[in-house]
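# Survey of secondary and tertiary structure
Each chain, letter by letter, is given below.
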Amino acid sequence: MSDGQGSGPDASILLYWLPLGAGGRSVRWNGRVFEALTARLGRRPALDLYHSALEVTVDADRFVIEMTPAWGGGAEDRGVVAEGPVGLRWLGHSVLFRYEIRRWRDGTIPDVAEAVASPVQVGGDRTGARQLLSLVPKVPVLTWGRDELHAGDMWNSNSLISWLLARSGVEVAGIRPPAHGRAPGWDAGLVAAGVQSFARRQ
């Protein structure tokens, strides 16, 4: 990153909300089935599901931060800083059951054209942006799809994003997915960061 000092405004933290399974019919269909069952158990209407990603810029340096499957990543250098298991810890020995966490310089967000009500600027100073970037390799690598924290919410890509925002000092209480939407995993990230979620304060 650049050597510029201070906490001035030449930085941004942008949040993108991507429909779950954007660009992939199988994931989107499975997500709808999951949400239909969850909504029925919770006796509430089914909502649209969203996956989140960040784009962080400091001066002339831009990074994409996202959790994705470890297989089929494409570009050789995707800025991978950590990997974790999917489903069960022992399954993580296979690349087919691992996720990767990216801090990808000049990277891209797949299917960003399908993002809804995005981007949302959630931070805009050098200090906060640099702190967030430094935290990416330190995120907990919990099992995707499991509630190992007993947070009442599973760990997934949204957990990564909410953990980073909370730990870097971004005010997360007012952040919401698009209207009629839900971001599973968001509260798990807040619990891991030691921040009480908005939902739990109601």
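The sections below set out a description of the structure shown in this document. Owing to the predicted nature of the structure, the values given are computational and were not obtained by experimental measurement.

## Considerations on the nonpolar core
Counting 37 residues, the largest nonpolar core has Ile13, Leu54, Ile65, Leu132, Leu165 and Ile175 as the members making the most contacts within it. Mapped by element, the contributors of at least two residues to this core are β1 (11-19), β2 (48-58), β3 (61-69), β5 (98-105), α2 (126-135), α3 (157-167) and α4 (186-192). In terms of residue count, the dominant contributor to this core is α3 (six residues). Not counting the four nearest positions on each side in its chain, Ile175 is found in contact with Leu15, Trp17, Val122, Leu165, Val170 and Trp186. Counting residues in hydrophobic clusters, the runner-up holds seven residues, among them Leu14, Tyr16, Val64 and Ile109.

## Concerning α3
With 10 of its 11 residues buried, α3 lies for the most part within the structure. In this structure Asn156 caps α3, since a side-chain oxygen of it lies 2.9 Å from the backbone nitrogen of Asn158.

## A short note on the pattern of salt bridges
Counted under the stated rule, the structure contains nine salt bridges. Between Arg105 and Asp61 there is a salt bridge whose closest N-O contact spans 3.1 Å. Remark: Asp61 occurs in strand β3 and Arg105 occurs in strand β5; sequence separation between them is 44 residues. A relative accessible area of 42% places Arg105 in the partly exposed class. Classification of Asp61 by relative accessible area gives buried; the value is 12%. The closest approach of N and O atoms between Glu148 and Arg89, which form a salt bridge, is 3.5 Å. In this pair, Glu148 sits in the loop between α2 and α3 while Arg89 sits in the loop between β4 (80-85) and β5, placing the two residues 59 residues apart along the sequence. Members of the salt-bridge network, linked through shared partners, are Asp10, Asp59, Arg126 and Arg130.

## Looking at unusual backbone geometry
Pro119 follows Ser118 through a cis peptide bond whose omega is 0°. Among the secondary structure elements, Pro119 is positioned in the loop between β5 and β6 (120-123). Phi at Ala117 takes a positive value of approximately 50°, unusual for a residue other than glycine. Along the chain, Ala117 turns up in the loop between β5 and β6. You can call Ala117 exposed: its relative accessible area is 55%.

## Notes on a nonpolar patch on the surface
A contiguous nonpolar surface patch, about 400 Å² in accessible area, is contributed by Trp71, Val95, Leu96 and Phe97. Of note, Val95 is situated in the loop between β4 and β5. You can call Val95 partly exposed: its relative accessible area is 36%.

## Focus on the side chain of Ser168
Its location among the elements puts Ser168 in the loop between α3 and β7 (181-182). Taking relative accessible area as the criterion, Ser168 reaches 8% and is therefore assigned buried. A distance of 2.7 Å separates the side chain of Ser168 from the backbone oxygen of Leu164, its partner in a polar contact. Here the side chain of Ser168 touches Leu165 through a polar contact of 3.2 Å, landing on its backbone oxygen. Aside from chain neighbours lying at most four places away, what touches Ser168 is Gly128, Gln131, Leu132 and Leu135.

Each value, and the rule that gives it
Residues numbered from 1 in each chain as written. Predicted model: local features only at pLDDT ≥ 70, side-chain atom pairs only at ≥ 80, totals over all residues. Heavy atoms only, no water. Core = buried A, V, L, I, M, F, W, Y, C linked by side-chain atoms within 4.5 Å. Buried < 20%, exposed > 50% of the residue type's maximum accessible area, 1.4 Å probe, protein only. Helix = DSSP H or I, 4+ residues; strand = E, 2+ residues; numbered from the N terminus. Contact = heavy atoms within 4.5 Å. Polar contact = N/O pair within 3.5 Å; in protein donor to acceptor, adjacent residues only side chain to side chain. Salt bridge = Lys/Arg side-chain N within 4 Å of Asp/Glu carboxyl O. Patch = residues over 30% accessible without salt bridge, like charges linked within 9 Å, V, L, I, M, F, W, Y side chains within 5 Å. Areas by Shrake-Rupley, 256 points an atom, 1.4 Å probe, with all protein chains shown as cover.

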